[in-house]
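Listed here are the chains, written in short residue letters.
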Amino acid sequence: MKPVDFAWHLPKSVPEAVALLGALPNARLLAGGQSLVPMLNFRIAAPDHLIDLNAIDALRFIELRGDILAIGAMTTQRDIERSELVRQYCPLLSAAIAHVGHQQTRNRGTIGGSLCHLDPSAELPVVAAALDPMLVIAGANRERRLRFRSFPAGYLSNSLVPGELVTSIEFPILPECGRGAFVEVARRPADFAIVAVAAQLVMNGTRVRSARIAIGGLAASPMRVEDIEDMIIGKELDEAFLAGAHSCAASLPAEGDSLNPAHYRQRLAGVLTRRALAGAA
Ligand SMILES: Cc1cc2nc3c(=O)[nH]c(=O)nc-3n(C[C@H](O)[C@H](O)[C@H](O)COP(=O)(O)OP(=O)(O)OC[C@H]3O[C@@H](n4cnc5c(N)ncnc54)[C@H](O)[C@@H]3O)c2cc1C
């Protein structure tokens, strides 16, 4: 199918994009187009105006700013994959990004697009659920900042209000004794995950000082599993704890579909949580 007719706009700055968003009825932002263009072609989305963010260079950067790693919303997944800064200061993001689609889709797809689209099987929202970065949001009269935990608003929905766009994402950087692991099961390499687990541990010797664990694929949005985090903090990650984390994750509520029923997703959640914790430890 072909998309319905739309007018295309190419703002050169964030204020210009925000002004267009406020002024144009039924407008939609275009980032890498790797989710939106198929939706246009299937007419799942039928905007009258597309506001293309690709000419706003100020939205494309990866910068270390004190204790945060700031990434512009229009930074491509490929730039993140190749970034030494991301590898060094946000290894969980590095580990996850290689699972996102194909090199061709990562060349165009952006971190902002992925987090705003919020596909329940997408990898980057799982990392964001674990690390809880700050989203910087531009709107008509103000900039606001929102933790990722408050961002998802149901299936494929976020909590931006009309007229807003995400400009950057600020990840807390990992202390030297921190480690991360991202594991998933997908039907084929480069497919969306059926279930994915992101785990970041900060160790104190052989004991866990702090833990951040998130699971995607069980519900409309990825969930942070603080019960498991609380269970392992201060403990050595031995066989008994891995088994406990496994059974806790496997008993989380899950939504299934005809291909991957809930009990299968729960089973994957258990196995992958164990693997992610063992990998991070
Ligand atoms: C063949 C194929 C395989 C793929 N496999 C995977 C996969 O395995 N895992 C995975 O996670 N993804 C996968 N994807 C999706 C891909 O990662 C997309 O890049 C991503 O979901 C959306 O990013 P985008 O930059 O392309 O955004 P777009 O498609 O341009 O936009 C997506 C949505 O976000 C909104 N949006 C974009 N940027 C902003 C912003 N800054 N502020 C507010 N709203 C914004 C848009 O209006 C739109 O509603 C795949 C895509 C294809 C085509």
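The structure we're discussing is the one just above.
Described in the following lines is the structure provided in the data block. (Residues numbered from 1 in each chain as written. Predicted model: local features only at pLDDT ≥ 70, side-chain atom pairs only at ≥ 80, totals over all residues. Heavy atoms only, no water.)

## With respect to the overall build of the protein
Within the protein one finds 11 helices and 12 strands. Here the C-alpha atoms of the protein give a radius of gyration of 19 Å, agreeing with the 19 Å that 2.2 N^0.38 yields for 281 residues. Per-residue burial for the protein yields a buried fraction of 49% across its 281 residues. When contacts within the protein are restricted to residue pairs at least 6 apart in sequence, those whose partners lie at least 24 apart make up 60%. When the accessible surface of the protein is summed, it comes to about 13,000 Å², and 52% of that surface belongs to carbon and sulfur atoms. (Helix = DSSP H or I, 4+ residues; strand = E, 2+ residues; numbered from the N terminus. Rg over C-alpha atoms; globule rule 2.2 N^0.38 Å. Buried < 20%, exposed > 50% of the residue type's maximum accessible area, 1.4 Å probe, protein only. Contact = heavy atoms within 4.5 Å. Areas by Shrake-Rupley, 256 points an atom, 1.4 Å probe, with all protein chains shown as cover.)

## Considerations on the side chain of E164
Inspection of the secondary structure puts E164 in the loop between strand 7 (143-147) and strand 8 (165-172). Since its relative accessible area comes to 8%, E164 is described here as buried. Side-chain polar atoms of E164 contact the side chain of R144, separated by 2.7 Å. At a separation of 2.9 Å, a polar atom in the side chain of E164 contacts the main-chain amide nitrogen of V161. Ignoring anything within four residues of it in the chain, the contact list for E164 reads L21, L29, I137, A138, G139, R142 and R144. (Polar contact = N/O pair within 3.5 Å; in protein donor to acceptor, adjacent residues only side chain to side chain.)

## Some points on the site of the ligand
Lining the immediate surroundings of the ligand are 30 residues, of which L29, S35, L36, T110 and E123 lie closest. At 2.7 Å, a side-chain N or O of S35 approaches an oxygen atom of the ligand. The backbone of V166 places a nitrogen or oxygen atom 2.9 Å from a nitrogen atom of the ligand. Protein chains bury 89% of the 960 Å² of accessible surface belonging to the ligand in isolation. (Near = heavy atom within 4 Å.)

## Regarding the pattern of salt bridges
Following the criterion strictly, the structure yields 11 salt bridges and no others. A salt bridge links E170 to R145, with the nearest nitrogen and oxygen atoms 2.5 Å apart. With E170 in strand 8 and R145 in strand 7, the pair connects residues that are 25 residues apart, well separated along the chain. For R145, a relative accessible area of 45% translates into the label partly exposed. Residues joined in a network through salt bridges with shared partners are R78, E81 and R106. (Salt bridge = Lys/Arg side-chain N within 4 Å of Asp/Glu carboxyl O.)

## Focus: the packing of aromatic side chains
All chains considered together, the criterion is met by one aromatic pair. Aromatic side chains F148 and F151 sit 6.1 Å apart centroid to centroid with 45 degrees between the ring planes, which places their arrangement in the tilted category. Taken as a pair, F148 and F151 share a single burial class, namely buried. (Phe/Tyr/Trp six-rings, centres within 6.5 Å; stacked < 30°, edge-to-face > 60°.)

## Quick look at the packing of helix 10 (residues 239-250) against helix 11 (residues 262-280)
Across the interface, helix 10 lies against helix 11 with an axial gap of 7 Å and an inter-helix angle of 145 degrees. Helix 11 is crossed by helix 10, and the crossing has right-handed handedness. Every residue of helix 11 that contacts helix 10 at E239, L242, A243, A245, H246, A249 and A250 is listed here: Q266, A269, G270, V271, T273, R274, L277 and A278. In terms of residue class, the contact of helix 10 with helix 11 is made up of nine nonpolar, four polar and two charged. (Axes fitted to C-alpha atoms, helices over the stretch in contact; angles between N-to-C directions. Left-handed = near helix turned anticlockwise from the far one by under 90°. Nonpolar A, V, L, I, M, F, W, Y, C, P; charged D, E, K, R; others polar.)

## Focus: the nonpolar core
Among the nonpolar cores identified, the biggest contains 34 residues, and I71, L93, I111, L115, F148, F171 and F182 are the most heavily contacted of them. Secondary-structure elements contributing two or more residues to this core are strand 5 (68-72), helix 5 (91-97), helix 7 (111-117), helix 8 (124-131), strand 6 (134-138), strand 8 and strand 10 (195-204). In contact with I71, not counting residues within four places along its chain, are F61, I62, I80, V86, L93, I111, S168, I169 and F171. Ranked by size, the runner-up nonpolar core spans 28 residues in total, among them A211, L218, I232 and A280. (Core = buried A, V, L, I, M, F, W, Y, C linked by side-chain atoms within 4.5 Å.)

## Description of the pairing of strand 6
Burial of strand 6 is extensive: five of the five residues sit out of reach of the surface. Taking every second residue as pointing to the same face, both faces of strand 6 are buried, with M134, V136 and A138 on one and L135 and I137 on the other. Summarising the sheet, strand 6 and strand 7 pair through five bridges and their orientation is antiparallel. Within the sheet, the bridge partner assigned to A138 lies in strand 7 and is E143. Here strand 6 pairs with strand 8 via five bridges, running antiparallel. Counterpart to I137 in the pairing with strand 8 is V166. (Pairing = 2+ DSSP bridges.)

## Observations regarding the environment of E176
Position of E176 relative to the elements: it lies in the loop between strand 8 and strand 9 (178-185). Exposure remark for E176: the relative accessible area of 85% places this residue in the exposed category. Spatially, the C-alpha atom of E176 lies 40 Å from that of G163, the residues being 13 residues apart in sequence.

That's the geometry; what it means functionally is another story.
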